[in-house]
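Each chain is listed here by its residues.
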Amino acid sequence: MTEFPELSHNPIRLLTETAERTEEIGAALAAALDENDSFIALYGGLGAGKTAFVRGLASVLTPGAYVHSPTYAIVNLYTNPDRSTQLAHMDLYRLEDDDDLYSIGCDEYMPDGKYRGDGIRRLAAVEWCEKLPSVLPGRYIRVTIEGSGEETRFITIERAGGDCNIKNNDSISN
Ligand SMILES: Nc1ncnc2c1ncn2[C@@H]1O[C@H](COP(=O)(O)OP(=O)(O)OP(=O)(O)O)[C@@H](O)[C@H]1O
Ligand SMILES: [Mg+2]
């Protein structure tokens, strides 16, 4: 199985030539997450492989879940067999503004970093955050897939978000 060096602001860039390889890289990311990593933002054009990547994430986080595109449902919820982990797979492509997010109830699934007292680890993997950038939390993992169709694709994975920068500067000055 693919393993990453420690995830950081230094982007990891990997080549993928098949959907299976993209899934494997998603699985490797899931295995490298720490407990505070709860939001994965996926960027890339139509058909780039964002949903394929989430299939890999789910194979580790919520094994057995049937991963399919949430383009019409907006959110698919996957849980692992003992229900200790919940992965909300969202696709914001069809949403217009933040009100849509609330009216559909998606905000319910956003992992807000708060312990809700039920012991469930909540994560979100979100496609098309470009549509509603306000959903991005202070700290998240950014996955960018370049290329589509017959082209060779590259996947870039990095930590992102304002909170990370503050943390980073702190660690430099300390
Ligand atoms: N290296 C690759 N990585 C991912 N998918 C690939 C790759 N090569 C070919 N494919 C094919 O490209 C398609 C990717 O579809 P997928 O639904 O994952 O894209 P998406 O980025 O989620 O698109 P959308 O924006 O429409 O939701 C699949 O049909 C998959 O088999
Ligand atoms: Mg998709």
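Residues numbered from 1 in each chain as written. Chains lettered and ligands numbered in written order. Predicted model: local features only at pLDDT ≥ 70, side-chain atom pairs only at ≥ 80, totals over all residues.

S.K.: I'm lost on the pairing of strand β2 (residues 39–43) in this one. Help?
M.R.: Two faces, one strand: in a regular strand the side chains alternate between the faces of the sheet. In terms of burial, β2 is a largely internal element, four of the five residues being buried. Where β2 and strand β5 (residues 121–127) come together, four bridges link them in parallel fashion. Among the inter-strand pairings, L42 is bridged to a residue of β5, identified as E127. In the sheet, β2 pairs with strand β6 (residues 140–146) via four bridges, with the strands oriented parallel. Following the sheet pairing, L42 is matched in β6 by V143. (Buried ≥ 20, exposed ≤ 12 C-beta atoms within 10 Å, placed from the backbone. Helix = DSSP H or I, 4+ residues; strand = E, 2+ residues; numbered from the N terminus. Pairing = 2+ DSSP bridges.)

S.K.: Would you explain the packing of helix α1 (residues 19–32) against helix α2 (residues 50–61) in this entry?
M.R.: Working note: a packed helix pair is described by the angle between its axes plus the distance between those axes. Close contact between α1 and α2 brings their axes to 7 Å; oriented N to C, the two are set at 45 degrees. One element, α1, and the other, α2, form an angle in the oblique class. Between α1 and α2 lies a crossing of right-handed hand. Seen from α1, the contacting residues are A19, T22, E23, E24, I25, G26, A27, L29, A30 and A31; seen from α2, they are A52, F53, V54, R55, G56, L57, S59, V60 and L61. A class-by-class count of the residues in the contact of α1 with α2 yields 12 nonpolar, four polar and three charged. (Axes fitted to C-alpha atoms, helices over the stretch in contact; angles between N-to-C directions. Parallel < 35°, antiparallel > 145°, perpendicular 65-115°, else oblique. Left-handed = near helix turned anticlockwise from the far one by under 90°. Contact = placed C-beta atoms within 7 Å. Nonpolar A, V, L, I, M, F, W, Y, C, P; charged D, E, K, R; others polar.)

S.K.: Whenever I open this one, the site of ligand 1 confuses me. Can you help?
M.R.: Around ligand 1, the structure places 19 residues, and the nearest of them are A19, T22, G49, K50 and T51. The set of elements that each furnish at least two residues to the shell around ligand 1 consists of α1 and α2. (Near = placed C-beta within 6 Å.)

S.K.: How should α1 be read in this particular structure?
M.R.: Each α-helix winds once per 3.6 residues, and so residues spaced three or four apart point in a common direction. The first and last C-alpha atoms of α1 sit 20 Å apart over 14 residues, in line with the 20 Å expected at 1.5 Å per residue. Listing the buried residues of α1 in full gives T22, E23, I25, G26, A27, L29 and A30. The inward-facing, buried residues of α1 contact β1 (12–16), α2 and β7 (153–160). (Expected span 1.5 Å × (residues − 1).)

S.K.: Looking at this structure, I do not really get the sheet that holds β1. What am I missing?
M.R.: Neighbouring strands of a sheet are bound in pairs by backbone hydrogen bonds; such pairs are parallel or else antiparallel. Judged by pairing direction, the sheet is mixed, and its seven strands sit side by side in the order β1-β7-β6-β2-β5-β4-β3 without closing on themselves. Edge positions in the open sheet fall to β1 and β3 (75–79), since each of these has one partner strand only. This sheet shows a mean twist of 20 degrees between the axes of neighbouring strands, independent of strand direction. Sheet topology note: the β1/β7 ladder contains five bridges and is antiparallel. Each bridged residue has a counterpart across the sheet, and for L14 the counterpart in β7 is I155. Helix-sheet contacts for α1 involve β1 and β7, and the interaxial angle to β1 is about 150 degrees. Docked against the sheet, α2 engages β2, β3, β4 (85–91), β5 and β6, running at close to 175 degrees with respect to β4.

S.K.: Could you clarify how one ought to interpret the nonpolar core in this entry?
M.R.: Nonpolar side chains tend toward joint burial in soluble globular proteins. Membership of the largest hydrophobic core comes to 36 residues, with the highest contact counts inside it found for I40, L57, A125 and V143. Sorting the residues of this core by element identifies α1, β2, α2, β4, β5, β6 and β7 as the ones contributing at least two each. Of all the elements, α2 adds the most residues to this core, at six residues. When neighbours within four sequence positions are excluded, I40 is seen to be in contact with L57, A125, Y140, I141 and V143. (Core = buried A, V, L, I, M, F, W, Y, C linked by C-beta atoms within 7 Å.)

S.K.: Would you mind going over the environment of L132 with me for this structure?
M.R.: Its place among the elements puts L132 in the loop between β5 and β6. Spatially, the C-alpha atoms of L132 and D98 are 6.8 Å apart, while their sequence positions differ by 34 residues. Among residues more than four places away in sequence, those in contact with L132 are L92, L95, D98 and L101.

S.K.: Just to check I follow, could you spell out the confidence of the model for the protein chain for this structure?
M.R.: Residues shown with low pLDDT carry predicted positions that ought not to be read at fine detail. Overall, the prediction assigns the protein chain a mean pLDDT of 88, with 90% of residues at 70 or greater. Of all helices and strands in the protein chain, the one with the weakest mean pLDDT is helix α4 (residues 162–173) (51), whereas α2 scores best (98). Predicted confidence for residues 166–174 stays below pLDDT 50, and this span has one contact to residues more than four positions away or in other chains. (pLDDT = per-residue confidence, 0-100.)

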